[in-house]
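Remarks on the overall topology
Listed below are the residues making up each chain.
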Amino acid sequence: MRTFPIVRPSNALQPVIQQKIDNLNKPKGSLGRLEALAMQVCLIQQTLTPSLAHPCHLLLGGDHGIEREGVSVSPREVTWQQMVNFTRGGGGVNMFCRQHGFKLFIVDVGVDYDLSAYDAILQRKVGRGTGNFRYEAAMGEAAYQQTIDIGAALVDMVAHEGCRVLCLGEMGIANTSPSSIWMSMFCDIPLAECIGAGAGLDSEGIFHKYQVLTEAVEYFHRQYAHPDAETIIRYFGGYEMVAAIGAMLQAAALRMVILIDGFIMTACALAACRLCPAVQDYMIFTHSGDEKGHRRMLDALGADPLLSLGLRLGEGTGALCAFPIVDSAVRMMNEMNNFDNANITKYF
């Protein structure tokens, strides 16, 4: 069983970092949130000259057994069809990766379709979709550990290429359902307040989704009176989601900056934090999405997102959109002059 030696970044450098920020040729505090971001990245990397070298994006695909219960407006074949579309460069994630210089890795962790003919897709399939958690666990303990290991190994792979900043995205029809359940269980929020429209359910569809998920949770609690975090994660999670958790844990162990996207990836971040609270220090929460409950989940994590653009595409697109803000914070530290070198009187 893989372990993750995650430690909180030392704060020993914080006064020196703050001194450098305050001595840049600008009014003290005038770059606002960029200064806080610069501090976070410097502490993660334990340096006064941070780097966002070789940014990489992991796009993880998987199908969900709960989709069979009609909890999504999109049919499951959209998962594999979109995965193929990504290989042709036609997705939103492709566009934003090109725009912001991210190397994209498309990974099949559990899509219910044979994608082996597509060389552009990394083949890491654990199963062809998870079990239907209305009646059974999404995955067993062995599959759960295998999937965690896959996510961690993907991070090892990009780290070997020199990656210092990791973005994560997902493709999996019906994955708002396990996300809503994780949110409810980990944040102690009523399930009805965690369920939204997903890809576009109407009010009747949302009510049906609530009924199905309520039955699933009740069935789960009849089997597990006092479940631990790992049991909750593996019972409801998708392969792409659990792989994302493994990736987050390993990225934190390797002191990477981790960009957290929307509702699904925030749910994965929440789950990762329940396994190891220190992982949150390495996360930048990039936006508050349009899915019901996302803002509340961010609040439960004490997270202050960078953007609020009404996004709900997933795929990691919101995190990619926010990357230039993080990049600006790092450039501030490395490229902006200070008062002494600029021969400007320091007036505070």
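The rules behind these values
Along each chain, residues carry numbers from 1 onward, in the same order as the chain's sequence is written. Reporting of local features is limited, given that this is a predicted model, to residues whose pLDDT is at least 70; pairs of side-chain atoms are given and counted only at 80 or more, and all residues count toward the totals for whole chains, interfaces and linings. Only hydrogens and water are removed before side-chain values are computed, so all heavy atoms of the structure are retained for them. In this description a helix means any DSSP run of H or I spanning at least four residues, a strand means any run of E spanning at least two, and both kinds are numbered starting from the N terminus. For this measure, only C-alpha atoms enter the radius of gyration; the expected value for a globule follows 2.2 Å times N^0.38, where N is the number of residues. Between buried and exposed lies partly exposed: a residue is buried under 20% and exposed over 50% of the maximum accessible area for its type, with that area taken using a 1.4 Å probe on protein chains only. Residue-level accessible areas treat just the shown protein chains as cover; the underlying method is Shrake-Rupley with a 1.4 Å probe. Any Lys or Arg side-chain nitrogen located within 4 Å of an Asp or Glu carboxyl oxygen qualifies as a salt bridge. Identification of polar contacts relies on pairs of N or O atoms within 3.5 Å, with a donor-acceptor requirement for protein atoms, meaning one able to donate a hydrogen and the other able to accept it, and with residues adjacent in sequence counted only if both atoms are side-chain atoms. By definition, residues are in contact when any of their heavy atoms lie within 4.5 Å. Pairing between two strands is assigned when DSSP locates at least 2 bridges connecting them. For crossovers, right-handed means that the path from the first strand over the helix to the second runs clockwise, given strands pointing away from the viewer. By convention a nonpolar core is built from buried Ala, Val, Leu, Ile, Met, Phe, Trp, Tyr and Cys residues, the set being connected through side-chain atoms within 4.5 Å. Note on definitions: angles span 0 to 180 degrees between N-to-C directions of axes, and those axes are lines fitted to C-alpha atoms, for helices only across the stretch in contact.

1. Observations regarding the overall build of the protein
A tally of regular secondary structure across the protein gives 13 helices and six strands. Since a compact globule built from 348 residues should have a radius of gyration of about 20 Å, the 20 Å found for the protein is in line with a globular shape. Dimensions of the protein, computed from C-alpha atoms along their principal axes, come out at roughly 70 × 45 × 40 Å. Looking at the protein residue by residue over its 348 residues, the buried ones come to 56%. Entry remark: accessible area of the protein is about 13900 Å², with carbon and sulfur atoms responsible for 50%.

2. Concerning the pattern of salt bridges
Where side chains of opposite charge bring their charged atoms close, a pairing between them can arise. Counted by the stated rule, this structure contains 16 salt bridges. The partner of Glu 67 in a salt bridge is Arg 76, and the shortest N-O contact between them spans 2.8 Å. Pair check on accessibility: Glu 67 and Arg 76 agree, each one buried. Taken together, the salt bridges that share partners define one network made up of Glu 67, Arg 68, Arg 76, Asp 112 and Arg 128.

3. Notes on the side chain of His 100
Relative to the helices and strands, His 100 resides in helix H4 (residues 92-100). A polar atom in the side chain of His 100 sits 3.5 Å from the side chain of Gln 99. Apart from the residues within four sequence positions on either side, His 100 is in contact with Leu 320, Cys 321, Phe 323 and Pro 324.

4. Section: the pairing of strand S5 (residues 257-260)
The two faces of S5 match: Val 257 and Leu 259 on one face and Ile 258 and Ile 260 on the other face are all buried. Relative to S5, strand S4 (residues 165-171) runs parallel, the two being bridged by three bridges. Its bridge partner being in S5, Leu 166 is matched across the sheet by Ile 258. Bridge analysis of S5 against strand S6 (residues 283-285) gives three bridges, and the strand direction is parallel. Bridging across to S6, Ile 260 finds its partner in Phe 285. One crossover worth recording links S5 to the parallel S6 by way of helix H10 (residues 263-275), and it is right-handed.

5. Structural notes on the nonpolar core
Here is a general trend for soluble globular proteins: nonpolar side chains tend to be buried in one another's company. With 119 residues, the main nonpolar core has Leu 58, Trp 182, Met 248, Leu 259 and Met 283 as its most contacted residues. Counting residues per element, this core draws most heavily on helix H9 (residues 239-253), which supplies 11 residues.

6. Things to note about the sheet that holds strand S3 (residues 121-123)
Backbone hydrogen bonds are what pair the strands of a sheet, in a parallel or an antiparallel way. Reading across from one edge, S3-S2-S1-S4-S5-S6 is the order of the six strands in this open sheet, with parallel pairing throughout. Either end of the sheet is taken by a strand with one partner, and the two such strands are S3 and S6. Strand-to-strand twist across the sheet, computed as the mean angle between neighbouring axes with direction ignored, equals 30 degrees.

7. Re the environment of Asn 132
With respect to the helices, strands and loops of the structure, Asn 132 is situated in the loop between S3 and helix H5 (141-160). Between the C-alpha atoms of Asn 132 and Gln 81, which are 51 residues apart in sequence, the distance is 21 Å. In this view, Asn 132 contacts Gly 65, Ile 66, Arg 68 and Glu 69; residues no more than four positions away in its chain are not counted.

8. Let's talk about unusual backbone geometry
Despite not being glycine, His 54 has its phi angle at roughly 45 degrees, a positive value. With respect to the element layout, His 54 can be found in the loop between helix H2 (32-45) and strand S1 (56-62). Backbone geometry places Ala 174, a non-glycine residue, at a positive phi of 85 degrees. Residue placement: Ala 174 occurs in the loop between S4 and helix H6 (176-187).

Remember, this is a structural readout, not a statement about activity or role.
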